[in-house]
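Residue strings, one per chain:
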Amino acid sequence: MIPLSWYLFLSLILFTIGVLGVLIRRNAIVIFMCIELMLNSVNLALVGFSSYIGNEIGQMLVFFVLVVAAAEVSVGLAIIIAIFRNRLTVNIDEINLLKW
Amino acid sequence: MSLFDVAFYVLAFITVGSAIVVVSSRNIIYSAFALLFTFFGVAGLYVLLNADFIAVTQVLIYVGGILVLIIFGVMLTTKVFDVPVKTETLHVGPAIVVTGAIMGTLFGVILKTKWFDILNVQWDGTTKKIGERLMTDFLLPFEVASVVLLVALLGAVIIARRERVKS
Amino acid sequence: MLSEYLPIFILMIFALAFASVMVLSNRILGPKKPNPEKLSTYESGMEPIRTARDRFSVKFYLVAMLFIIFDIEIVFLYPWAVTFDKLGVLGYVEMFLFIFVLLVGYFYIIKKGALKWE
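The structure displayed is predicted, hence computed values, not measured ones. (Residues numbered from 1 in each chain as written. Chains lettered and ligands numbered in written order. Predicted model: local features only at pLDDT ≥ 70, side-chain atom pairs only at ≥ 80, totals over all residues.)

> Kindly report on the overall build of chain C, identifying the contributing residues and their values.
Along its length, chain C carries 3 helices and 0 strands. Along its sequence from the N terminus, chain C presents helices and strands in the succession α-α-α. For a compact globule of 118 residues, the expected C-alpha radius of gyration is about 13 Å, and chain C comes in at 25 Å, more than 25% above that figure. The buried share of chain C, reckoned over its 118 residues, is 15%. (Helix = DSSP H or I, 4+ residues; strand = E, 2+ residues; numbered from the N terminus. Rg over C-alpha atoms; globule rule 2.2 N^0.38 Å. Buried ≥ 20, exposed ≤ 12 C-beta atoms within 10 Å, placed from the backbone.)

This is the structure in structure tokens:
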């Protein structure tokens, strides 16, 4: 039988990989993927708690995370596409001005 | 070791392995496709946790929606000529220190806390319970979620279509 | 509980095995006599005139984005549909409010012409 802490460790590893990706990658779209990884790890922890305690609220919260993730991805990628149109780059080190 | 445990280890391996590929791959397309396996692995773990509806939702929204959107994002932002889909890394040293600190802290917290380690509160159909909660105790967040979706819809349409308005 | 997923598991293994057997047997058994005509992208079709690695039109992105928003709406509809008999009139009002808010956005993007493919 897998104890709850194993799911939490797995979630922790996923989250750490996501943080590391956000810090070391320079491509804005890869950074988006890493944010998705972090959101997924949080969802995993929520569902883990929910299942082990026997309470459905954790699973329900996952829906709200989903809503935020979808909103974030659709608006964020739209912004990246708009920036790419103007600057022809998605490297976040070159996108360091609020206005050009 | 039961079949259940084996399933957990396999899914955990798929999830973590492909997550590492997402972060470390130099080719952005490989990253996007590795993310597919991470999402499927997490969906499998949801199944192991008796969260059937969440697992289906994961496949439906993350794999069917968000990942497709990300791949479109990749295809929309490659250069017209001689696609440089490769991306470089930077500041690896400090990043590892920071993530190490985060990981160490959380690791200690998980290790020190006493968790309930018994699964099998018998779940029969999580969908109904989720629905009841959503429509009674969590009604306000539910309605606010629709406003969030509305704003995201309008914002993304306006930002992404700016080019057409100009021309 | 978990045994309910056994058919899905078997199906996945079967699909994986079937696909790999097909690809592998093609590679092992098939004769290989390549010539330039066979190796072209569309053997009897039109000549590709540009690189396939071009930038896509933003219209595809817009459709995918609209899909994801309404996808989430459907996901919220499902738990409601399972329990709506217990919720009574209030449940209807709640869900119609939710749908109405997204419907406003839907009419806005139609007015804006975001769904036109020209």
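> With reference to specific residues and values, describe the interface of chain B and chain A.
Between chain B and chain A, the contact holds 68 residues from the first and 61 residues from the second. Those elements that provide at least two residues to the side of chain B that touches chain A are α1 (3–24), α2 (28–48), α3 (52–76), α4 (92–112), α5 (126–135), α6 (139–160) and α7 (162–166) of chain B. Residue contributions to the side of chain B that touches chain A peak at 10 residues, all from α3(B). Among the residues making up the side of chain B that touches chain A, the classes are represented as 46 nonpolar, 14 polar and 8 charged. (Contact = placed C-beta atoms within 7 Å. Nonpolar A, V, L, I, M, F, W, Y, C, P; charged D, E, K, R; others polar.)

> Just give me the short version of the UniProt feature "transmembrane region" (unreviewed entry) in chain C, but keep the residues and values in it.
All names here are of chain C. Those residues carrying the UniProt feature "transmembrane region" (unreviewed entry) are residues 6–24, 60–81 and 87–109 in this numbering. Secondary structure across residues 6–24 divides into 100% helix and 0% strand, with the first and last C-alpha atoms of the span separated by 27 Å. Annotated as residues 87–109, this span is 100% helix and 0% strand, and its ends, taken at the C-alpha atoms, are 32 Å apart. (UniProt positions renumbered as here; feature names shortened; annotations may be inferred.)

> Could you give an account of the interface of chain A and chain C, with specific residues and numbers?
Counting from both sides, the interface comprises 6 residues of chain A and, opposite them, 7 residues of chain C. Residues that form the side of chain A that touches chain C fall into these classes: 5 nonpolar, 1 polar and no charged.

> Explain unusual backbone geometry to me, using residue names and the numbers behind them.
Glycine aside, residues mostly have negative phi angles, and peptide bonds mostly take the trans form. Positioned with a positive phi, N50(B) is a non-glycine residue whose angle comes to about 65 degrees. Tracing the chain through its elements places N50(B) in the loop between α2 and α3.

> Break down the domain arrangement of chain B for me, citing the residues and quoting the values.
The assigned domain composition of chain B is domain 1 (1–79) and domain 2 (124–167). For domain 1 of chain B and domain 2 of chain B, the distance between their C-alpha centres works out to 23 Å. (Domains from an automatic or database assignment.)

> Talk me through the packing of α5(B) against helix α3 (residues 58–112) of chain C; I want residue IDs and the actual numbers.
For the pair α5(B) and α3(C), interaxial distance at closest approach is 7 Å and the crossing angle is 25 degrees. Classified by the angle their axes make, α5(B) and α3(C) are roughly parallel. For the pair α5(B) and α3(C), the sense of crossing is right-handed. Where α5(B) approaches α3(C), its residues T127(B), K128(B), I130(B), G131(B), E132(B), L134(B) and M135(B) are matched on the opposing element by Y78(C), P79(C), W80(C), V82(C), T83(C), K86(C), L87(C), G91(C) and E94(C). Taken together, the residues of the contact of α5(B) with α3(C) sort by class into 8 nonpolar, 4 polar and 4 charged. (Axes fitted to C-alpha atoms, helices over the stretch in contact; angles between N-to-C directions. Parallel < 35°, antiparallel > 145°, perpendicular 65-115°, else oblique. Left-handed = near helix turned anticlockwise from the far one by under 90°.)

> Tell me what's going on with the confidence of the model for chain B, and back it up with residues and numbers.
For chain B, the average pLDDT comes to 82, and 84% of its residues sit at 70 or higher. Mean pLDDT across the elements of chain B ranges from a minimum in α7(B), with 51, to a maximum in α2(B), with 91. (pLDDT = per-residue confidence, 0-100.)

> Please provide a residue-by-residue account of the UniProt feature "transmembrane region" (unreviewed entry) in chain B, values included.
Residue and element names in this part refer to chain B. Using the residue numbers shown here, the UniProt feature "transmembrane region" (unreviewed entry) corresponds to residues 6–23, 28–49, 55–77, 89–111 and 138–160. Taken end to end, residues 6–23 has its terminal C-alpha atoms 26 Å apart, with 100% of it in helix and 0% in strand. Counted over residues 55–77, helix gives 96% and strand 0%. Its end C-alpha atoms are 31 Å apart.

> Describe the packing of helix α3 (residues 57–87) of chain A against α3(C), naming the residues involved and giving the relevant values.
Contact pair α3(A) / α3(C): the axes reach a minimum separation of 10 Å and the direction vectors enclose 170 degrees. Here α3(A) is positioned roughly antiparallel relative to α3(C), judged by the angle of their axes. Residues F63(A), L66(A), V67(A), A70(A), S74(A) and I81(A) of α3(A) form the contact with α3(C), whose own contacting residues are V58(C), Y61(C), M65(C), I68(C), I69(C), I72(C) and F76(C). Classifying every residue of the contact of α3(A) with α3(C) by side-chain character gives 12 nonpolar, 1 polar and no charged.

> Report on the environment of A71(A), specifying residues and quantitative values.
Residue and element names in this part refer to chain A. Here A71 lies in helix α3. Look at A71 and you get buried, because 22 C-beta atoms sit within 10 Å. With 59 residues separating them along the chain, A71 and L12 place their C-alpha atoms 24 Å apart.

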